[in-house]
Structure formats: C-alpha cells, structure tokens
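Spelled out from the first residue to the last, the chains are:
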Amino acid sequence: MTTQIIESVLEEAKKQGAKKVIEVQLVIGKMTFLGTEQVRFSYNILVEDTIMKGSKLIIEEKDGVIECSSCGYRGEIPVVDDPAYHVPIPTLRCPKCAKAAKIVEGKECTIRSIRMVK
Amino acid sequence: MANTKDVIKGEEVTLEIQPGMNILEVNKKLAQKNMELLRKHNVKAIDIMGSIGAGKTCLIEKLVQALKQKYRIAVFKGDLTTTIDAERIRRHGVQVITINTGRECHLDANVVARAVERISLEAIDLLIIENVGNLICPAEFPLGTDKRVVVVSVTEGPYMVVKHPFTFMNADVMVINKKDLAETMKIDTKQLEKQVKEIKPDVKVAVTNALSGEGVEELIKALEL
Ligand SMILES: Nc1nc2c(ncn2[C@@H]2O[C@H](COP(=O)(O)OP(=O)(O)OP(=O)(O)O)[C@@H](O)[C@H]2O)c(=O)[nH]1
Ligand SMILES: [Mg+2]
Ligand SMILES: [Zn+2]
C-alpha cells in the first residue's frame, strides 16, 4: 500500500518536473488496516532511493462513520467493550436498531498535498 | 489528478490535490467495472480470502467437485511465485489461471481485470478466485465479485476474529475450517461465530472440514450457489 502511495506521489512529481519532494500530506481512514506507524515506517524505507528522500510525512487520521439503511442512523462507529476480548472491537451493528450498517467514512487513503521544489 | 492548485513560493511548489485521489477508491472503481462485465455475461464470482494454510485451496477443490456439474467453472489463483495450488485445482478438470502477484500481498481489481481478458466469459458461469494467503490486505481490495469469503481455520487460535475486525467487516461469508481439529485446539466454533456476527451482523457462517467435505453443502448455501 505504501508503495502505491509513493508511486503516485513520484508520478505526480515527475509530471510537475519536480527536483525534490519535501512534504507529503496523507489522509488515512481509521477503518482501513493501514496503521499510521506502519505507513510511516515503510515510507521512510521506500523513499530512500528516490527524490522523496528526507521528505516530511504528515498523516491525518479520519474517524469511521457508519450509516444504517434500515433506520437511517448515521454516526461514529460503535465498539463492543466485552472484557472477554481484552480490547474494544468496532462493530457494524447499528446502535439504534441492531441491524447491519455500512461504513461510509474512514476507508480513505488519500494524498492531500505534495510540496516539492522545481 | 486533474484538479490541482499550484501555490508557488519562489521555487517551492505546493500541490494541493482535491478529493478524488483515494488510492483505495481507484481499486473500487475498477472492481465495479469487473462486476458489471461479469454480470453482463451472467458469471457469478467469488473471492476466497484467508490466511496462509487456512484451507482455501482444499475448499475450492471441494467446491469445484460439488459444483462442476451445475456450473462451468474457471478458477483464478493469486500466488506469490508458485503454481502448486493451480495444479491441484486443475486436476479437477476446470480452467485455472495463475495470477503472479510478485511482491504484492493481495490481488487487486486491475490484475483480475487482465486475467478476465484471458478467459472466455461466454464459456463459464462461475468464477472462483483464490486470493493471496493473507488475512489483512486483501480485505481492502474488492475485486468485483458477488461474494467475498474469508476462510479461517481453528488452528489460528481463538482471537483471529477480534484481532482483525476490518477483515470481517468486508466479508459476506466466513468459513471456519478444520472443524475436525477444533477439539484438539480447544476452540469453540460457536464462540468464533458469535464474535464475527458481533462485528458484522449480516455475515453468513459455514463450519467445514475441507478434507472430508463436511460443511461444504452449508458453504454452497451461504454462497447462494
Ligand atoms: N485437519 C484438517 N486439515 C486441513 C483442512 N483443510 C485443509 N487442511 C490442511 O491444511 C493445509 C493447507 O491447506 P490449503 O488448502 O493448501 O490451504 P491454503 O489456504 O490454500 O494455503 P495457501 O494457498 O498456501 O495460503 C493442507 O495440509 C491441508 O491438508 C481441514 O478441514 N482439516
Ligand atoms: Mg492455496
Ligand atoms: Zn439502524
């Protein structure tokens, strides 16, 4: 995934005729498997031999929002806090009517901006 | 990336990218195209995901055996390097296309679209895709199938569901495989089923033994085949 992000940035930088990329801003939804720490870690390794080397990575995390087609509920994703599971588990069970809801926000992985030197 | 706005400060340029450059979104659009193409040819498609060794290939072999009278089947097999699984499935007399994923840990809608070009959609009614063995990444990359299946086996321990909630949120059907080992592994499959339904209330669950074929009938029903 991080590879794809970097490829997109490099492609755009090339199109713009940039000599160096100095900052990249990403938006990552909390409902993806992408952890900011993991992305940061692989980013630093993967940019090593590119014009992105040494660039600053800013990541904004976006909360998950679900929507229920049965009752119209829209809001933040509920969590089950059963002590048997040790950790709070996010759930798609609608907090109002208990039917299955859908994720409408929190699945993004977007490049918001790139700062570069031409 | 059409909608860009340049803010020029001397030599430094900030490129602000407008919403619409969601990398996952690009895959989703391609998946939508795959689905439309398959639907147009009346081909049902199933994406089988799950960890390495969960029993994906064994289950596909059993599905093919049970369904090959009813459907003309093709199988896509995403693999890092080998064609072992492809050979195992090919023995059952169906067309198998191996998609070499190189170092990617999942299939995406683009590689599936290219594989679809290599087969004749007129000649098949059912496409089964074995994804790369990985419980995490494939879930974020829909391929354009009607159903998405996640296979877990009881040997993966009691926490595989609660540790990967997002994987199961993307699944239509969950298979709990290797039920024959549940007792030895001290795993209560009912408990796993309860957990997954807590995370995704409308998921269907099949408990199987892919070696004996037990539960495969249940799986076929869950897949509406
Ligand atoms: N006891 C038992 N063993 C099983 C069952 N299903 C699969 N196995 C065994 O588990 C191993 C892995 O099965 P595969 O079908 O190759 O698993 P896979 O998910 O396709 O694995 P990869 O493609 O390598 O990710 C094999 O040795 C199978 O014989 C089952 O229901 N019970
Ligand atoms: Mg396999
Ligand atoms: Zn509701």
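Since we're looking at a predicted model, the values are computed, not measured.

Trainee: Tell me about the overall build of chain B, residues and numbers included.
Mentor: Each helix and strand counted, chain B has eight helices and nine strands in total. For chain B, the spread of C-alpha atoms along the three principal axes comes to 70 × 40 × 30 Å. Counting the 225 residues in chain B, one finds 55% classified as buried. For chain B, restricting intrachain contacts to residue pairs at least 6 apart in sequence, the fraction spanning at least 24 positions comes to 69%. Carbon and sulfur atoms make up 52% of the accessible area of chain B, which totals about 10200 Å².

Trainee: Describe the coordination of the zinc ion (ligand 3), naming the residues involved and giving the relevant values.
Mentor: All names here are of chain A. Here the zinc ion (ligand 3) is held by the protein donor atoms C68 (SG), C71 (SG), C94 (SG) and C97 (SG), which lie 2.3 to 2.4 Å from it. Around the zinc ion (ligand 3), the four donor atoms sit at angles spanning 103 to 115°, and that spread fits a shape best called tetrahedral. On the primary sequence, the residues serving as donors to the zinc ion (ligand 3) are separated as C-x2-C-x22-C-x2-C. Given a relative accessible area of 3%, C94 falls into the buried group.

Trainee: Tell me what's going on with the pairing of strand β7 (residues 147-153) of chain B, and back it up with residues and numbers.
Mentor: Residues and elements named next belong to chain B. The buried count for β7 comes to seven of seven residues, which makes it a mostly enclosed element. Bridge count between strand β3 (residues 44-50) and β7: five bridges; the pairing is parallel. Paired with G50 across the strands is V151, a residue of β7. In this structure, β7 lies alongside strand β8 (residues 173-177), joined through five bridges in parallel fashion. From the neighbouring strand, S153 faces β8, where its bridge partner is N177.

Trainee: I'd love a proper account of the site of ligand 1, names of residues and values included.
Mentor: Residue and element names in this part refer to chain B. Taken together, 19 residues sit near ligand 1, with K56, T57, C58, D180 and A210 positioned nearest. In this structure, an oxygen atom belonging to ligand 1 sits 2.8 Å away from a side-chain N or O atom of K56. In this structure, D180 approaches ligand 1 through a side-chain N or O atom, which is 2.7 Å from a nitrogen atom. Here ligand 1 has 650 Å² of accessible area as a free molecule, and 75% of this is covered by the chains. For the shell around ligand 1, the secondary-structure elements that each account for two or more residues are α2 (56-67) and α3 (84-90). For the shell around ligand 1, the leading source of residues is α2, giving three residues.

Trainee: So, unusual backbone geometry: which residues are in play, and what are the values?
Mentor: Residue and element names in this part refer to chain B. Unusually for a residue other than glycine, N42 sits at a positive phi of about 55°. The phi dihedral of K186 is positive, around 55°, even though this residue is not glycine. Among the secondary structure elements, K186 is positioned in the loop between β8 and α7 (189-199). For K186, a relative accessible area of 75% corresponds to the exposed category.

Trainee: Give a detailed account of helix α1 (residues 23-40) of chain B, specifying residues and quantitative values.
Mentor: Residues and elements named next belong to chain B. Between its first and last C-alpha, α1 extends 27 Å over 18 residues, near the 26 Å set by a 1.5 Å rise per residue. Residues of α1 that are buried include every one of I23, L24, N27, A31, N34, M35 and L38, and no others. Seen along its axis, α1 keeps its buried residues to an arc of 110°; they face one direction. Within α1, the exposed residues directed more than 90 degrees away from the buried face are K29, K33 and K40.

Trainee: Which residues make up the pattern of salt bridges, and what are the values?
Mentor: Applying the stated criterion across every chain yields a total of 25 salt bridges over all chains. Between E48(A) and K53(A) there is a salt bridge whose closest N-O contact spans 3.2 Å. Given a relative accessible area of 38%, E48(A) falls into the partly exposed group. For E198(B), the salt bridge identified is with R93(A), shortest N-O distance 3.4 Å. In this pair, E198(B) is assigned in helix α7 and R93(A) in the loop between β6 (89-90) and β7 (102-105), connecting two distinct chains. With relative accessibility at 27%, the residue R93(A) sits in the partly exposed group. Several salt bridges share partner residues, and in doing so they unite E61(B), K77(B), D79(B), D85(B), R88(B), R91(B) and E130(B) into one network.

Parameters at a glance
- Residues numbered from 1 in each chain as written.
- Chains lettered and ligands numbered in written order.
- Predicted model: local features only at pLDDT ≥ 70, side-chain atom pairs only at ≥ 80, totals over all residues.
- Heavy atoms only, no water.
- Helix = DSSP H or I, 4+ residues; strand = E, 2+ residues; numbered from the N terminus.
- Buried < 20%, exposed > 50% of the residue type's maximum accessible area, 1.4 Å probe, protein only.
- Contact = heavy atoms within 4.5 Å.
- Areas by Shrake-Rupley, 256 points an atom, 1.4 Å probe, with all protein chains shown as cover.
- Donors = N, O, S within 2.8 Å, 3.2 Å for Na, K, Ca; no water.
- Tetrahedral: all angles 85-135°; square planar, octahedral: opposite > 155°, others 65-115°.
- Pairing = 2+ DSSP bridges.
- Near = heavy atom within 4 Å.
- Polar contact = N/O pair within 3.5 Å; in protein donor to acceptor, adjacent residues only side chain to side chain.
- Expected span 1.5 Å × (residues − 1).
- Arc of directions from axis to C-beta.
- Salt bridge = Lys/Arg side-chain N within 4 Å of Asp/Glu carboxyl O.

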